[in-house]
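Fold and geometry: a report
The primary structure of each chain is shown beneath.
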Amino acid sequence: RDMEIGGCPMKARQSIITLLRAANHDPEVFDNPDAFDISRKAVPHIGFGGGSHICIGAPLARIEASAALNKLFSRFPNLRLARPDEKPEKRTLPFFNGLQRLDVLI
């Protein structure tokens, strides 16, 4: 049936394409969503899905990331951005967000 989704009129049987690249980039939910900000306050992201569709590996991924970051920062306590005044270089893949590189000094 014809309907409206998020203020956009849709016709019956019209295709909708969703992109993972848009995940966590809603400016109504995330302050300055396109900026890399490691000190950003905790917000409900959808990187691992949610509800009955949550990624079964999400808890393990969080534990691994925490362990890796703790090890990195304990091994290199003076780790800092090489060029703190420059924006990090983003990857240009069509469906995924991320950084191409993040130069640091140890």
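Refer to the structure above for everything that follows.
Reading the values: the criteria
- Residues numbered from 1 in each chain as written.
- Predicted model: local features only at pLDDT ≥ 70, side-chain atom pairs only at ≥ 80, totals over all residues.
- Heavy atoms only, no water.
- Patch = residues over 30% accessible without salt bridge, like charges linked within 9 Å, V, L, I, M, F, W, Y side chains within 5 Å.
- Areas by Shrake-Rupley, 256 points an atom, 1.4 Å probe, with all protein chains shown as cover.
- Salt bridge = Lys/Arg side-chain N within 4 Å of Asp/Glu carboxyl O.
- Helix = DSSP H or I, 4+ residues; strand = E, 2+ residues; numbered from the N terminus.
- Buried < 20%, exposed > 50% of the residue type's maximum accessible area, 1.4 Å probe, protein only.

Another aspect to go through is a nonpolar patch on the surface. On the surface, Phe-36, Ile-38, Leu-81, Leu-102, Val-104 and Ile-106 cluster together to form a nonpolar patch covering roughly 600 Å² of accessible area. In this fold, Leu-81 is placed in strand β3 (residues 80–81).

Take the environment of Leu-93 next. Among the secondary structure elements, Leu-93 is positioned in the loop between β4 (89–90) and β5 (99–101). Expressed as a C-alpha distance, the spacing of Leu-93 and Arg-1, which sit 92 residues apart in the sequence, is 34 Å.

Attention shifts here to unusual backbone geometry. Residue Arg-13 is not a glycine yet carries a positive backbone phi of 65°. In this fold, Arg-13 is placed in the loop between β2 (8–10) and α1 (58–75). The exposure class assigned to Arg-13 is exposed, which follows from its relative accessible area of 82%. A positive phi is found at Asn-32, a non-glycine position, where the angle reads about 45°. Following the sequence through the fold, Asn-32 ends up in the loop between β2 and α1.

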